[in-house]
There are 2 protein chains.
Amino acid sequence: MRLFLLPPTFNKGSSLELTGKDFNYLIRALRLKEGQCVMGRDRDGELWNLTIVKVMKSSCILSAEKTEQIKEQTDALPEERPLKRITLYQCLPKGRKADDIIKKATEAGVRDIVLVKSRNCVANLEGKEESRLSRYDAIVTEAIQQSGSIVPTKVSGVIDIADIPKDFAARSEGLPTLGLVLHQTRLSEDQSDLFSCVRGFDGSTALVVGPEGGLEEEECQALLKGGFKAVLLKTNILRCETASIYAIGAVQTILESSCQ
Amino acid sequence: MRLFLLPPTFNKGSSLELTGKDFNYLIRALRLKEGQCVMGRDRDGELWNLTIVKVMKSSCILSAEKTEQIKEQTDALPEERPLKRITLYQCLPKGRKADDIIKKATEAGVRDIVLVKSRNCVANLEGKEESRLSRYDAIVTEAIQQSGSIVPTKVSGVIDIADIPKDFAARSEGLPTLGLVLHQTRLSEDQSDLFSCVRGFDGSTALVVGPEGGLEEEECQALLKGGFKAVLLKTNILRCETASIYAIGAVQTILESSCQ
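So, here is what we can say about the structure in this document.

Thresholds, definitions, all that
Residues numbered from 1 in each chain as written. Chains lettered and ligands numbered in written order. Predicted model: local features only at pLDDT ≥ 70, side-chain atom pairs only at ≥ 80, totals over all residues. Heavy atoms only, no water. Salt bridge = Lys/Arg side-chain N within 4 Å of Asp/Glu carboxyl O. Helix = DSSP H or I, 4+ residues; strand = E, 2+ residues; numbered from the N terminus. Buried < 20%, exposed > 50% of the residue type's maximum accessible area, 1.4 Å probe, protein only. Axes fitted to C-alpha atoms, helices over the stretch in contact; angles between N-to-C directions. Left-handed = near helix turned anticlockwise from the far one by under 90°. Contact = heavy atoms within 4.5 Å. Nonpolar A, V, L, I, M, F, W, Y, C, P; charged D, E, K, R; others polar. Pairing = 2+ DSSP bridges.

1. Some thoughts on the pattern of salt bridges
- In the structure shown here, the tally under the stated rule is 42 salt bridges over all chains.
- Residue Lys104(A) is joined to Asp100(B) by a salt bridge in which the shortest nitrogen-to-oxygen separation is 3.1 Å. With Lys104(A) in helix H2 (residues 97–107) and Asp100(B) in helix H2 (residues 97–107), this pair bridges two chains.
- A residue is classified by how much of its surface remains accessible, and Lys104(A), at 1% relative accessible area, is buried.
- With its nearest N and O atoms 2.8 Å apart, the salt bridge here joins Asp44(B) to Lys12(B). On the criterion of sequence distance, the pair formed by Asp44(B) in the loop between strand S3 (37–41) and strand S4 (47–55) and Lys12(B) in the loop between strand S1 (3–5) and strand S2 (15–19) is long-range, its members being 32 residues apart.
- Overall, Asp44(B) belongs to the exposed group, its relative accessible area being 59%.
- When its relative accessible area of 36% is taken as the criterion, Lys12(B) is described as partly exposed.
- Among the charged side chains, a salt-bridge network with shared partners connects Lys12(A), Asp42(A), Asp44(A), Glu46(A), Lys66(A) and Glu68(A).

2. Re the environment of Gly148(A)
- Residue position: Gly148(A) is located in the loop between helix H3 (129–147) and strand S8 (154–160).
- Counting along the chain gives 41 residues from Gly148(A) to Glu107(A), while the straight-line C-alpha distance between them is 8.0 Å.

3. Concerning the packing of H2(A) against H3(A)
Residue and element names in this part refer to chain A.
- One can describe the packing of H2 onto H3 by two numbers: an axis separation of 8 Å at closest approach and a directional angle of 35 degrees. Classified by chirality, the crossing of H3 by H2 is right-handed. In this structure, H2 uses Ala98, Asp99, Ile102, Lys103, Thr106 and Glu107 to contact H3, whose residues at the interface are Arg135, Tyr136, Ile139, Val140, Ala143, Ile144 and Ser147.
- Grouping the amino acids of the contact of H2 with H3 by side-chain chemistry returns seven nonpolar, two polar and four charged.

4. Remarks on the sheet that holds strand S7 (residues 112–117) of chain A
All names here are of chain A.
- What the six strands build is an open sheet, ordered S8-S7-S6-S10-S9-S11; its pairing is parallel. A strand with exactly one partner marks an edge of an open sheet, and here the two such strands are S8 and strand S11 (229–231). Direction aside, neighbouring strands of the sheet carry axes that sit 25 degrees apart on average.
- Here six bridges tie S7 to S8, and the two strands are oriented parallel to one another. When the sheet's bridge partners are listed, Leu115 is paired in S8 with Gly157.
- In the packing of helix H4 (residues 164–171) onto the sheet, the strands contacted are strand S6 (86–91), S7, S8, strand S9 (177–182) and strand S10 (204–209), and the crossing angle to S6 comes to about 155 degrees.

In short, the description is geometric, and any link to function would need to be established separately.
Structure below.
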């Protein structure tokens with residue numbers, strides 16, 4: 001089910017006018033016509049039945065009716081998928097790479113993206129956290145709309161890598177937990193096979209992805225002591241912005257598989 | 001095993017000087033020191049034992065010795081992984097998105113990336129194919145180095161979507177084949193679960209990823225007649241540049257899993 005994220009200016013009235021990006025999205029991208037319906041979600045998470053009442057040159061009028069549940073049949077895309085909870089702990093990458101990582105993870109329905117400071121991080125958000133998080137929020141909003149995600153993805157952080165186990169336990173709200181550290185060089189200990197770790201698991205999954213220089217052995221060991229498992233991806237050395245979405249694809253496909 | 005791709009200027013002599021990007025890669029990125037060894041591959045695919053003889057401010061001297069096989073222990077990163085053969089049939093996306101797709105697919109060791117023209121492609125390489133393919137070659141070269149891939153990834157095309165089954169059969173060189181079409185809306189026919197399609201398969205796998213507007217139902221049906229299976233990813237609607245690496249991560253992880 002593709003949900004339309006209502007703009008912050010929506011006053012929960014019975015009709016609204018959309019312009020700019022929202023207009024472009026519904027009318028130009030989704031090509032909705034007068035009379036067609038979409039489901040919307042406002043900034044408080046409430047659901048709305050929306051109907052396109054009138055399409056003008058650069059704006060459109062919608063009627064809005066509050067609803068308790070997602071309607072089965074509307075004119076905007078596919079079925080609802082309640083996806084299993086995934087948290088991405090992403091060590092801060094350089095430059096604009098975080099934008100791409102956040103966009104792709106949001107599309108895939110990752111529930112929480114937590115930015116992490118680890119020893120090899122070159123990027124430093126100190127003093128810029130607030131402005132950066134607000135840019136990431138805008139990226140998340142756009143990606144949620146584009147992908148029809150019903151997962152309310154949130155970006156938070158920056159936390160220290162040592163605090164990941166505690167943070168993950170708190171986020172998992174009592175669900176069984178599976179914490180995975182992607183590590184691309186062999187550790188002295190055994191590393192698990194991603195497939196066998198994830199297969200059949202039902203609960204809250206975390207993925208820790210290192211920065212450009214990778215994680216230090218010590219940092220890995222601390223996570224292992226905190227209950228995480230180190231997994232070696234059976235592929236080449238991936239850049240951090242490739243590793244995250246590659247691993248999300250693998251983990252989510254195995255988690256969501258009906259044939260366990 | 002991380003292999004260093006020798007520059008085209010390497011004359012197969014017993015020593016060579018590296019400058020610019022190659023120097024940066026070995027000395028700055030990999031932080032190799034005098035006396036350390038790496039394995040190299042020249043443009044004809046031949047293997048070389050390379051030793052850093054001298055590091056200067058902006059260049060370094062290496063000794064080169066031809067070899068028949070990859071040495072077990074050198075100073076540059078991990079073990080060799082013979083990855084199963086994956087072909088990505090990527091319908092031409094808009095703008096520079098292909099750059100990102102090609103880079104990530106190469107890192108992950110996709111063997112062939114074939115650019116495809118389908119009905120909803122907005123991009124058009126007509127008359128620009130040669131210059132574009134040479135840009136893609138440069139992207140592949142860089143990604144191979146960065147990821148230490150031993151897969152000689154090649155970008156080719158543009159072919160028509162109708163020719164995919166024939167092209168895939170020819171590329172698979174007699175291996176068993178598994179052709180998958182990613183399709184994000186429900187088809188009238190049944191769609192397979194990616195996990196159960198791929199699990200336990202050993203052979204040559206193809207992934208067809210549509211352009212921004214997706215594939216037409218007719219195009220899908222033609223691929224199904226050509227022996228391909230339609231798979232629905234159990235996630236949100238992904239942009240084409242997200243779908244490709246997401247699906248490569250899923251497929252490769254399942255293919256390479258030791259626990260079938």
